[in-house]
Each structure stands twice: as C-alpha cells, then as structure tokens.
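Structural description and commentary
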Amino acid sequence: MLFPEPTFAGVVPVSIEYRIAADPDAGVLYAISSADTLYSIAMDGSAVTAIGTLTQPVHALGLGQNGLIAVSYNEQTDQSELRSVDTTTAEVTTLTTIDIDSTWFTHFATDRDNGVIYLFSDVGTLYRIAMDGSDVTVIGTLSQSMQIMDLGDDGLIGVAYNEMTQHNELRSVDPETATVTTLTSFDFDTGHWNFIFVT
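Bear in mind that the values here come from a model prediction, so they are computed numbers and not experimental data.

Within the protein chain, the secondary structure is distributed over zero helices and 16 strands. Buried residues in the protein chain amount to 48% of all 199 residues. Taking the contacts inside the protein chain whose residues are at least 6 apart along the sequence as the reference set, 40% of them involve residues at least 24 apart. Approximately 10,000 Å² of the protein chain is accessible, and the part contributed by carbon and sulfur atoms is 49%.

Pasting the structure below:
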C-alpha cells in the first residue's frame, strides 16, 4: 500500500480537505459538517447558510461543471460511486459506479474545463472519470507514489514523500500516461504535514 492511512470497515477515511470545495466565480465555499449538513459560506464572510442534510453520504467533494461533484463509498455494494450534489437542496444523486482496484481512493482532482475528475487508488492506479458519469477510464499505474494531487497548469501536480532521500518532493503527473516526474525536492519544517493542498 502506498499510503499507510487507516480504513474502517472499508469506508474511505474522511478528513476536512475532502469535504470542502470552493467556487471562486460565485465567491462561495461549500463545506460538509460531521453531521452531513451542507453549508454555503460567502468568501467575504457576509453569510453562512445551512443548505440541508445530504441525502447520501459524500467522502470527497469538488467543484463540478454544474454544482458539486463527489466520490463516495457505498457500503451496501462495496463499491465507490460518482455522485452530484445539488447546492440548493443538498440532494445527492448517484451518477455511476466506479470499480476501483483497492479498498479506497486517496485523493481526486477536478478538471472543469474538460469535464472530468482524476483520482488514484491506494495502490497507485490513476483513473479519469467523466463528471456526467458516462465514462470511467483506467489510465495506468503511477510511476512514482503520490500523497495528494490537484490540477496544475499543465496536467496534474502534487506532493509526495521520498522515503529513500527523506525529503518531500513536488511531482507532476501526466494525465494521459500516469507518468510521475519529480520537479524539486524540499523539506517542511516538521516531519509531517496535514495533506491540505491548494492549486
């Protein structure tokens, strides 16, 4: 396993960076509470609105082309699912099932311009998924491990820890081949970081 995080009965581990999404065009931040309430928060601090309780669980949240897009684990089917989230009602709709080759995925990045999301499993398989649920493509196995990624200027960008050198590395990911290239090595001021990453 590339990422030694705990899982609980097959459920995707949930942390704050997975359940928050920004819409800079609308000036709104969307966040999900531990009680599965969807909130809309104005970026200027002028309003905080509880939209409603999600109708299905969401484990990872991002900004899609038409509202919010999410990936979640379905305990009944033992599969991951692509879901949309209505930002006016908190209604969650399952768009498609995603056959991931491991118990859980580690992170995903949204590419709104091309209408897809990218995610990689904890065994390093990179997937491209159409936001409307019409296609799920296995791109390949990452050539180097990644801890977290997002959309960069030219493909995917992320950070990983190199156990051999004991340094953190900024790495790019080719979204067509899953080839990972190390761009630079650096050190955080502590031995670990909290995996929050913004591009």
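Here we come to the sheet that holds strand β2 (residues 28–32). If you walk across this open sheet you meet the four strands as β1-β2-β3-β4, and the pairing is antiparallel. Sheet topology places β1 (20–23) and β4 (48–53) at the edges, where each strand pairs with a single neighbour. For this sheet, the mean inter-axis angle between neighbouring strands, taken without regard to orientation, is 20°. As paired elements, β2 and strand β3 (residues 37–42) share five bridges and run antiparallel to each other. The residue of β3 that forms the bridge with Ile32 is Leu38.

Next up on the list: the sheet that holds strand β15 (residues 167–173). To summarise the sheet geometry, strands pair through backbone hydrogen bonds and adopt either a parallel or an antiparallel arrangement. The antiparallel open sheet is built from four strands, whose spatial order is β13-β14-β15-β16. Strands at the two margins of the open sheet, each flanked by one partner only, are β13 (148–151) and β16 (180–186). Between one strand axis and the next, the sheet turns through 25° on average, direction left out of account. For strand β14 (residues 156–162) and β15, the ladder comprises seven bridges, and the chain directions are antiparallel. Directly across from Ala160, in β15, lies its bridge partner Glu169.

Turning to the side chain of Glu169, a few remarks are in order. Considering the arrangement of structural elements, one finds Glu169 in strand β15. Look at Glu169 and you get buried, because its relative accessible area is 7%. A distance of 2.6 Å separates the side chain of Glu169 from the side chain of Arg171, its partner in a polar contact. Sequence-distant contacts of Glu169, that is, excluding residues within four places in its chain, are made with Gln144, Gly158, Val159, Ala160, Asn162, Thr182, Thr184, Ser185 and Phe186.

Moving on, we come to unusual backbone geometry. Glycine aside, residues mostly have negative phi, and peptide bonds are mostly found in the trans state. Of note in the backbone geometry, Asp78 takes a positive phi value of approximately 60° without being a glycine. Here Asp78 is to be found in the loop between β6 (68–74) and β7 (79–85). Despite not being glycine, Gln166 has its phi angle at roughly 60°, a positive value. Tracing the backbone through its elements, the reader meets Gln166 in the loop between β14 and β15.

Before going further, it helps to spend a moment on the pattern of salt bridges. Taken as a whole and judged by the stated rule, the model has four salt bridges. We note a salt bridge from Arg19 to Asp36, for which the minimum N-O separation is 3.0 Å. With a gap of 17 residues between them, Arg19 in the segment before β1 and Asp36 in the loop between β2 and β3 connect regions that are remote in the sequence. For Arg19, a relative accessible area of 8% puts it in the buried group. You can call Asp36 partly exposed: its relative accessible area is 23%. For the salt bridge of Glu176 with Arg128, the shortest nitrogen-to-oxygen distance reads 3.8 Å. Taken together, the residues span a long stretch of sequence, with Glu176 in the loop between β15 and β16 and Arg128 in strand β11 (residues 125–130) at a distance of 48 residues.

Another aspect to go through is the confidence of the model for the protein chain. Confidence in the prediction of the protein chain, expressed as mean pLDDT, is 84, and 84% of residues score 70 or more. When pLDDT is averaged over each element of the protein chain, β4 comes out on top at 96 and strand β9 (residues 105–111) at the bottom at 81.

Here we take up the packing of aromatic side chains. Across all of its chains, the model carries one aromatic pair by this definition. On the basis of an interplanar angle of 80° and a centroid distance of 5.1 Å, the ring pair of Phe186 and Phe188 is categorised as edge-to-face. Since its relative accessible area comes to 26%, Phe186 is described here as partly exposed. Judged by relative accessible area, Phe188 falls into the partly exposed class, the value being 31%.

Calculation rules
Residues numbered from 1 in each chain as written. Predicted model: local features only at pLDDT ≥ 70, side-chain atom pairs only at ≥ 80, totals over all residues. Heavy atoms only, no water. Helix = DSSP H or I, 4+ residues; strand = E, 2+ residues; numbered from the N terminus. Buried < 20%, exposed > 50% of the residue type's maximum accessible area, 1.4 Å probe, protein only. Contact = heavy atoms within 4.5 Å. Areas by Shrake-Rupley, 256 points an atom, 1.4 Å probe, with all protein chains shown as cover. Pairing = 2+ DSSP bridges. Axes fitted to C-alpha atoms, helices over the stretch in contact; angles between N-to-C directions. Polar contact = N/O pair within 3.5 Å; in protein donor to acceptor, adjacent residues only side chain to side chain. Salt bridge = Lys/Arg side-chain N within 4 Å of Asp/Glu carboxyl O. pLDDT = per-residue confidence, 0-100. Phe/Tyr/Trp six-rings, centres within 6.5 Å; stacked < 30°, edge-to-face > 60°.

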